[in-house]
Amino acid sequence: RYEDLAADPKLVLQDLCNWLGIAYEPGMLDFRENRHNVGGNPMRFRSSEREIKVDDRWRTELSPTDLETFEHTAGWLNRRLGYDK
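Observations concerning the overall build of the protein
For the protein, the helix and strand inventory stands at 5 helices and 0 strands. Element order for the protein, N to C, with α for helix and β for strand: α-α-α-α-α. Buried residues in the protein amount to 16% of all 85 residues. The long-range fraction of contacts in the protein, counting pairs at least 24 apart against all pairs at least 6 apart in sequence, stands at 28%. Looking at the protein as shown, the accessible area adds up to about 6,900 Å², and 54% of this sits on carbon and sulfur atoms.

Here we look at the confidence of the model for the protein
Mean pLDDT over the protein: 83, with 75% of residues reaching 70 or higher. Ranking the helices and strands of the protein by mean pLDDT puts helix 2 (residues 9-20) first, with 95, and helix 3 (residues 31-34) last, with 62.

Description of the packing of aromatic side chains
Counted by the stated rule, this structure contains 0 aromatic pairs. Across the ring face of tyrosine 83, the terminal group of arginine 1 is positioned such that the distance to the ring centre comes to 4.4 Å.

Digging into helix 5 (residues 64-80)
Where helix 5 bends most, at alanine 74, the angle is about 70°. Positioned one or two residues after helix 5, glycine 82 has a phi angle of 95°, which is positive.

Conventions used here
- Residues numbered from 1 in each chain as written.
- Predicted model: local features only at pLDDT ≥ 70, side-chain atom pairs only at ≥ 80, totals over all residues.
- Heavy atoms only, no water.
- Helix = DSSP H or I, 4+ residues; strand = E, 2+ residues; numbered from the N terminus.
- Buried < 20%, exposed > 50% of the residue type's maximum accessible area, 1.4 Å probe, protein only.
- Contact = heavy atoms within 4.5 Å.
- Areas by Shrake-Rupley, 256 points an atom, 1.4 Å probe, with all protein chains shown as cover.
- pLDDT = per-residue confidence, 0-100.
- Phe/Tyr/Trp six-rings, centres within 6.5 Å; stacked < 30°, edge-to-face > 60°.
- Lys NZ or Arg CZ within 6 Å of the ring centre and 35° of its normal.
- Bend = angle between axes of the 7 residues up to and from the residue.

See below:
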């Protein structure tokens, strides 16, 4: 999950590398150098930020109507993936 990656990028990346059967290298965490980033997080456009962190502004910035629409459309998938309502 995105939040797990943002909370502990090293651990999640090590687990992912292990699952893929490839060697983990610390340089993999330097997403700016390697041009890898978390796709939906706008921090990728801010060159001053060097670490991965959670961006959960949607919790406060989406309108009640937007949240309702999302819940109606994909809420079931969120719960299947371990997210609460």
